[in-house]
Amino acid sequence: MEKSRASATATSRQQPQAVLFDAYGTLFDVYSVGLVAEQLFPGRGEALSLLWRDKQIEYTRLVTTSNHGAHYQPFWQLTQASLRYACKRLQLTLNPEAELQLMNQYRHLSAFPENREVLQALKSRGIATGILSNGDPEMLGIAVRSAGLDGLLDHVISVDAVRKYKTHPEAYALGEQATGLRAPQIAFVSSNSWDALAATWYGYQTLWVNRYALPFEELGTQPTRTGRTLTDVLDFFAPAA
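Residues numbered from 1 in each chain as written. Predicted model: local features only at pLDDT ≥ 70, side-chain atom pairs only at ≥ 80, totals over all residues. Heavy atoms only, no water.

Asks: Residues and numbers for helix α8 (residues 193-202), please.
Replies: Taking burial as the measure, the 10 residues of α8 include 8 buried ones, the bulk of the element. When we look at burial in α8, the residues that qualify are Ser-193, Trp-194, Asp-195, Ala-196, Leu-197, Ala-198, Ala-199 and Thr-200. Gly-203, located one to two residues past α8, shows a positive phi value of around 125°. (Buried < 20%, exposed > 50% of the residue type's maximum accessible area, 1.4 Å probe, protein only. Helix = DSSP H or I, 4+ residues; strand = E, 2+ residues; numbered from the N terminus.)

Asks: Any chance you could break down a nonpolar patch on the surface for me, citing the residues and the numbers?
Replies: A grouping of Tyr-31, Leu-50, Tyr-212 and Leu-214 is seen on the molecular surface, where their side chains present a nonpolar patch of about 380 Å² in accessible area. The residue Tyr-31 is located in the loop between β2 (18-21) and α1 (33-40) in this model. Tyr-31 gets classed as partly exposed once you look at its relative accessible area, which sits at 32%. (Patch = residues over 30% accessible without salt bridge, like charges linked within 9 Å, V, L, I, M, F, W, Y side chains within 5 Å. Areas by Shrake-Rupley, 256 points an atom, 1.4 Å probe, with all protein chains shown as cover. Salt bridge = Lys/Arg side-chain N within 4 Å of Asp/Glu carboxyl O.)

Asks: So, the packing of α1 against helix α4 (residues 96-107): which residues are in play, and what are the values?
Replies: Put simply, α1 and α4 touch, their axes get as near as 9 Å, and they point 165° apart. For the element pair α1 / α4, the angle class is roughly antiparallel. Crossing handedness for the pair α1 and α4: right-handed. Mapping the contact onto sequence places Val-33, Val-36, Ala-37 and Leu-40 in α1 and Ala-98, Gln-101, Leu-102, Gln-105 and Tyr-106 in α4. Of the residues contributing to the contact of α1 with α4, the split by class is 7 nonpolar, 2 polar and no charged. (Axes fitted to C-alpha atoms, helices over the stretch in contact; angles between N-to-C directions. Parallel < 35°, antiparallel > 145°, perpendicular 65-115°, else oblique. Left-handed = near helix turned anticlockwise from the far one by under 90°. Contact = heavy atoms within 4.5 Å. Nonpolar A, V, L, I, M, F, W, Y, C, P; charged D, E, K, R; others polar.)

Asks: Describe the layout of surface pockets, listing the residues and the values that go with them.
Replies: Quantified by volume, the largest pocket comes out at close to 440 Å³. What lines the largest pocket is a set of 24 residues, among which Tyr-31, Arg-53, Ser-191, Asn-192 and Trp-194 lie closest to the centre. Looking at the lining of the largest pocket, the elements that each hand over two or more residues are α2 (45-65), α8 and β6 (205-209). The element best represented in the lining of the largest pocket is α2, accounting for 6 residues. Residue classes in the lining of the largest pocket are distributed as 12 nonpolar, 5 polar and 7 charged. (1 Å grid on protein atoms, 1.4 Å probe; cavity = no way out; pocket = protein on both sides within 12 Å on 5 of 7 lines; lining within 4 Å. Points joined across faces, edges and corners; volume = space filled by probe spheres on them.)

Asks: Describe the packing of aromatic side chains, naming the residues involved and giving the relevant values.
Replies: To describe a pair of aromatic rings, you give the distance between the ring centres and the angle between the ring planes. Taken as a whole and judged by the stated rule, the model has 13 aromatic pairs. Ring centres of Tyr-24 and Tyr-106 lie 5.8 Å apart, and the angle between their planes is 35°; this geometry places the pair in the tilted category. Here the residue Tyr-24 occupies a position in the loop between β2 and α1, and Tyr-106 occupies one in helix α4, the gap between them amounting to 82 residues. Residue Tyr-24 shares its accessibility class with Tyr-106, and that shared class is buried. Aromatic rings pair up to connect Tyr-24, Phe-28, Trp-52, Tyr-72, Phe-75, Tyr-106 and Tyr-165 into one cluster. Taking the ring centre of Phe-112 as reference, the NZ or CZ of Arg-211 above it sits at 3.5 Å. (Phe/Tyr/Trp six-rings, centres within 6.5 Å; stacked < 30°, edge-to-face > 60°. Lys NZ or Arg CZ within 6 Å of the ring centre and 35° of its normal.)

Written out as C-alpha coordinates, the structure reads:
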(Lines give C-alpha, C1' and ligand atoms only; values in the text may rest on other atoms or scores of the structure.)
Protein backbone atom coordinates (compact mmCIF):
# COMPACT_ATOMS: atom_id res chain seq x y z
CA MET A 1 0.00 0.00 0.00
CA GLU A 2 1.16 3.51 -0.78
CA LYS A 3 2.30 5.54 2.21
CA SER A 4 0.92 9.03 2.67
CA ARG A 5 2.66 11.38 0.25
CA ALA A 6 3.08 15.14 0.42
CA SER A 7 2.75 17.34 -2.61
CA ALA A 8 5.63 19.65 -3.53
CA THR A 9 3.88 22.60 -1.91
CA ALA A 10 3.28 20.81 1.38
CA THR A 11 6.87 21.16 2.53
CA SER A 12 6.55 24.94 2.73
CA ARG A 13 3.36 24.88 4.77
CA GLN A 14 3.22 25.43 8.50
CA GLN A 15 2.28 22.65 10.86
CA PRO A 16 -1.50 22.75 11.37
CA GLN A 17 -2.83 23.98 14.70
CA ALA A 18 -6.13 22.09 14.33
CA VAL A 19 -7.47 19.08 12.47
CA LEU A 20 -11.07 18.91 11.30
CA PHE A 21 -12.54 15.66 10.03
CA ASP A 22 -15.41 15.02 7.71
CA ALA A 23 -17.80 12.62 9.48
CA TYR A 24 -19.70 10.47 6.99
CA GLY A 25 -17.33 8.26 5.04
CA THR A 26 -14.30 9.50 6.98
CA LEU A 27 -14.92 8.79 10.68
CA PHE A 28 -18.08 6.72 10.15
CA ASP A 29 -18.52 4.03 7.51
CA VAL A 30 -21.58 5.01 5.46
CA TYR A 31 -21.55 1.62 3.74
CA SER A 32 -21.91 -0.29 7.00
CA VAL A 33 -25.67 0.11 6.50
CA GLY A 34 -25.25 -2.48 3.76
CA LEU A 35 -25.24 -5.26 6.35
CA VAL A 36 -28.74 -4.39 7.54
CA ALA A 37 -29.84 -3.69 3.97
CA GLU A 38 -28.66 -7.16 2.93
CA GLN A 39 -30.70 -8.77 5.72
CA LEU A 40 -33.79 -6.88 4.60
CA PHE A 41 -33.21 -7.25 0.85
CA PRO A 42 -31.05 -10.34 0.21
CA GLY A 43 -28.71 -9.89 -2.72
CA ARG A 44 -29.45 -6.16 -2.98
CA GLY A 45 -27.84 -4.72 0.16
CA GLU A 46 -24.68 -3.43 -1.46
CA ALA A 47 -26.53 -1.89 -4.39
CA LEU A 48 -28.92 -0.16 -2.01
CA SER A 49 -26.16 1.26 0.19
CA LEU A 50 -24.26 2.61 -2.83
CA LEU A 51 -27.26 4.24 -4.49
CA TRP A 52 -28.51 5.59 -1.16
CA ARG A 53 -25.20 7.37 -0.57
CA ASP A 54 -24.96 8.74 -4.11
CA LYS A 55 -28.49 10.15 -4.00
CA GLN A 56 -27.91 11.61 -0.52
CA ILE A 57 -24.93 13.65 -1.78
CA GLU A 58 -26.80 14.63 -4.93
CA TYR A 59 -29.65 15.99 -2.80
CA THR A 60 -27.26 18.09 -0.69
CA ARG A 61 -25.99 19.75 -3.84
CA LEU A 62 -29.47 20.20 -5.28
CA VAL A 63 -30.89 21.98 -2.24
CA THR A 64 -27.78 24.14 -1.82
CA THR A 65 -27.53 25.39 -5.39
CA SER A 66 -31.23 25.83 -6.22
CA ASN A 67 -33.07 29.09 -5.53
CA HIS A 68 -30.33 30.39 -3.20
CA GLY A 69 -30.88 27.55 -0.77
CA ALA A 70 -34.64 28.09 -0.40
CA HIS A 71 -35.22 24.34 -0.51
CA TYR A 72 -32.77 23.44 2.26
CA GLN A 73 -33.67 20.44 4.39
CA PRO A 74 -31.63 19.00 7.29
CA PHE A 75 -29.32 16.11 6.47
CA TRP A 76 -31.52 13.62 8.29
CA GLN A 77 -34.46 14.45 6.03
CA LEU A 78 -32.29 14.20 2.91
CA THR A 79 -30.97 10.84 4.12
CA GLN A 80 -34.52 9.56 4.50
CA ALA A 81 -35.59 10.95 1.12
CA SER A 82 -32.59 9.39 -0.61
CA LEU A 83 -33.32 6.00 0.98
CA ARG A 84 -36.87 6.12 -0.32
CA TYR A 85 -35.67 7.08 -3.78
CA ALA A 86 -33.04 4.34 -3.84
CA CYS A 87 -35.57 1.70 -2.90
CA LYS A 88 -37.98 2.85 -5.61
CA ARG A 89 -35.16 2.91 -8.16
CA LEU A 90 -34.16 -0.65 -7.24
CA GLN A 91 -37.81 -1.75 -7.05
CA LEU A 92 -37.52 -2.71 -3.38
CA THR A 93 -40.56 -2.51 -1.11
CA LEU A 94 -39.63 -0.26 1.81
CA ASN A 95 -42.23 -0.77 4.53
CA PRO A 96 -42.22 1.48 7.65
CA GLU A 97 -40.47 -1.13 9.77
CA ALA A 98 -37.64 -1.61 7.27
CA GLU A 99 -37.25 2.14 6.87
CA LEU A 100 -37.02 2.57 10.64
CA GLN A 101 -34.37 -0.16 10.84
CA LEU A 102 -32.23 1.35 8.11
CA MET A 103 -32.51 4.91 9.38
CA ASN A 104 -31.68 3.81 12.91
CA GLN A 105 -28.62 2.04 11.55
CA TYR A 106 -27.58 5.28 9.87
CA ARG A 107 -27.72 7.02 13.25
CA HIS A 108 -25.27 4.43 14.60
CA LEU A 109 -22.87 3.85 11.72
CA SER A 110 -19.79 1.75 12.38
CA ALA A 111 -16.75 3.85 13.22
CA PHE A 112 -13.43 3.15 11.52
CA PRO A 113 -11.11 1.31 13.92
CA GLU A 114 -8.26 3.84 13.92
CA ASN A 115 -10.44 6.82 14.97
CA ARG A 116 -9.70 6.75 18.68
CA GLU A 117 -5.96 6.15 18.27
CA VAL A 118 -5.59 9.06 15.86
CA LEU A 119 -7.64 11.48 17.95
CA GLN A 120 -5.72 10.55 21.09
CA ALA A 121 -2.42 11.07 19.27
CA LEU A 122 -3.50 14.53 18.12
CA LYS A 123 -4.67 15.48 21.60
CA SER A 124 -1.33 14.37 23.04
CA ARG A 125 0.35 16.84 20.69
CA GLY A 126 -1.92 19.66 21.83
CA ILE A 127 -3.71 19.84 18.47
CA ALA A 128 -7.33 20.97 18.47
CA THR A 129 -9.66 18.41 16.90
CA GLY A 130 -13.14 18.53 15.48
CA ILE A 131 -15.72 17.43 12.96
CA LEU A 132 -16.93 19.62 10.09
CA SER A 133 -19.86 17.77 8.57
CA ASN A 134 -23.00 17.91 6.48
CA GLY A 135 -24.73 16.03 9.29
CA ASP A 136 -27.24 17.93 11.39
CA PRO A 137 -26.40 18.45 15.08
CA GLU A 138 -28.59 15.65 16.44
CA MET A 139 -27.21 13.09 13.96
CA LEU A 140 -23.64 14.05 14.76
CA GLY A 141 -24.24 13.98 18.49
CA ILE A 142 -25.62 10.44 18.35
CA ALA A 143 -22.85 9.21 16.03
CA VAL A 144 -20.09 10.70 18.19
CA ARG A 145 -21.52 9.29 21.42
CA SER A 146 -22.18 5.90 19.85
CA ALA A 147 -18.54 5.71 18.75
CA GLY A 148 -17.27 6.88 22.15
CA LEU A 149 -15.47 9.89 20.65
CA ASP A 150 -17.17 12.75 22.49
CA GLY A 151 -14.26 13.32 24.90
CA LEU A 152 -11.75 13.49 22.05
CA LEU A 153 -13.29 16.28 19.97
CA ASP A 154 -13.03 19.99 20.71
CA HIS A 155 -15.54 20.96 18.02
CA VAL A 156 -18.51 19.24 16.37
CA ILE A 157 -19.51 21.60 13.57
CA SER A 158 -22.63 21.16 11.46
CA VAL A 159 -23.32 23.01 8.23
CA ASP A 160 -26.90 23.31 9.47
CA ALA A 161 -25.74 26.58 11.06
CA VAL A 162 -25.53 28.18 7.60
CA ARG A 163 -28.09 25.94 5.83
CA LYS A 164 -25.62 25.26 3.02
CA TYR A 165 -23.95 21.94 2.41
CA LYS A 166 -20.38 21.29 1.41
CA THR A 167 -18.93 22.23 -1.02
CA HIS A 168 -20.31 25.76 -0.45
CA PRO A 169 -17.60 28.10 0.88
CA GLU A 170 -19.80 29.16 3.80
CA ALA A 171 -19.81 25.56 4.99
CA TYR A 172 -16.01 25.39 5.07
CA ALA A 173 -15.81 28.83 6.69
CA LEU A 174 -17.44 27.36 9.79
CA GLY A 175 -14.15 25.64 10.58
CA GLU A 176 -12.32 28.95 10.76
CA GLN A 177 -15.07 30.48 12.86
CA ALA A 178 -15.10 27.62 15.36
CA THR A 179 -11.35 27.38 15.82
CA GLY A 180 -10.41 31.04 15.48
CA LEU A 181 -7.75 30.00 12.97
CA ARG A 182 -7.23 30.78 9.30
CA ALA A 183 -7.78 28.01 6.77
CA PRO A 184 -4.03 27.45 6.07
CA GLN A 185 -3.54 26.77 9.80
CA ILE A 186 -6.09 23.92 9.71
CA ALA A 187 -5.82 20.41 8.28
CA PHE A 188 -9.07 19.09 6.86
CA VAL A 189 -9.42 15.32 6.46
CA SER A 190 -11.93 13.59 4.20
CA SER A 191 -12.38 10.24 2.50
CA ASN A 192 -14.60 11.94 -0.09
CA SER A 193 -12.45 13.17 -2.97
CA TRP A 194 -14.86 15.95 -3.89
CA ASP A 195 -14.77 17.18 -0.29
CA ALA A 196 -10.97 17.08 -0.10
CA LEU A 197 -10.77 18.97 -3.41
CA ALA A 198 -13.20 21.71 -2.39
CA ALA A 199 -11.51 22.11 1.00
CA THR A 200 -8.18 22.51 -0.79
CA TRP A 201 -9.69 25.17 -3.02
CA TYR A 202 -11.03 26.90 0.07
CA GLY A 203 -7.52 27.10 1.52
CA TYR A 204 -7.25 24.29 4.05
CA GLN A 205 -4.33 21.93 4.21
CA THR A 206 -5.94 18.64 3.25
CA LEU A 207 -5.60 14.91 3.61
CA TRP A 208 -7.58 12.71 1.26
CA VAL A 209 -8.04 9.29 2.89
CA ASN A 210 -8.23 7.07 -0.17
CA ARG A 211 -9.58 3.93 1.51
CA TYR A 212 -10.70 2.28 -1.73
CA ALA A 213 -7.70 2.96 -4.01
CA LEU A 214 -9.65 5.31 -6.29
CA PRO A 215 -8.32 8.00 -8.63
CA PHE A 216 -8.52 11.60 -7.45
CA GLU A 217 -10.69 14.18 -9.19
CA GLU A 218 -9.38 15.41 -12.57
CA LEU A 219 -9.81 19.15 -12.06
CA GLY A 220 -6.20 20.27 -11.86
CA THR A 221 -5.82 20.43 -8.08
CA GLN A 222 -4.43 17.79 -5.72
CA PRO A 223 -4.91 17.54 -1.96
CA THR A 224 -1.97 18.48 0.25
CA ARG A 225 -1.53 14.82 1.18
CA THR A 226 -3.01 11.47 0.25
CA GLY A 227 -3.15 8.46 2.57
CA ARG A 228 -4.96 5.19 3.07
CA THR A 229 -6.16 5.56 6.70
CA LEU A 230 -6.72 8.34 9.19
CA THR A 231 -3.34 7.63 10.78
CA ASP A 232 -1.72 9.40 7.83
CA VAL A 233 -2.88 12.73 9.27
CA LEU A 234 -0.06 12.40 11.80
CA ASP A 235 2.43 12.97 8.97
CA PHE A 236 1.51 16.67 9.15
CA PHE A 237 3.22 16.81 12.54
CA ALA A 238 6.63 16.24 14.03
CA PRO A 239 6.83 13.05 16.11
CA ALA A 240 5.51 13.43 19.64
CA ALA A 241 8.26 13.99 22.20
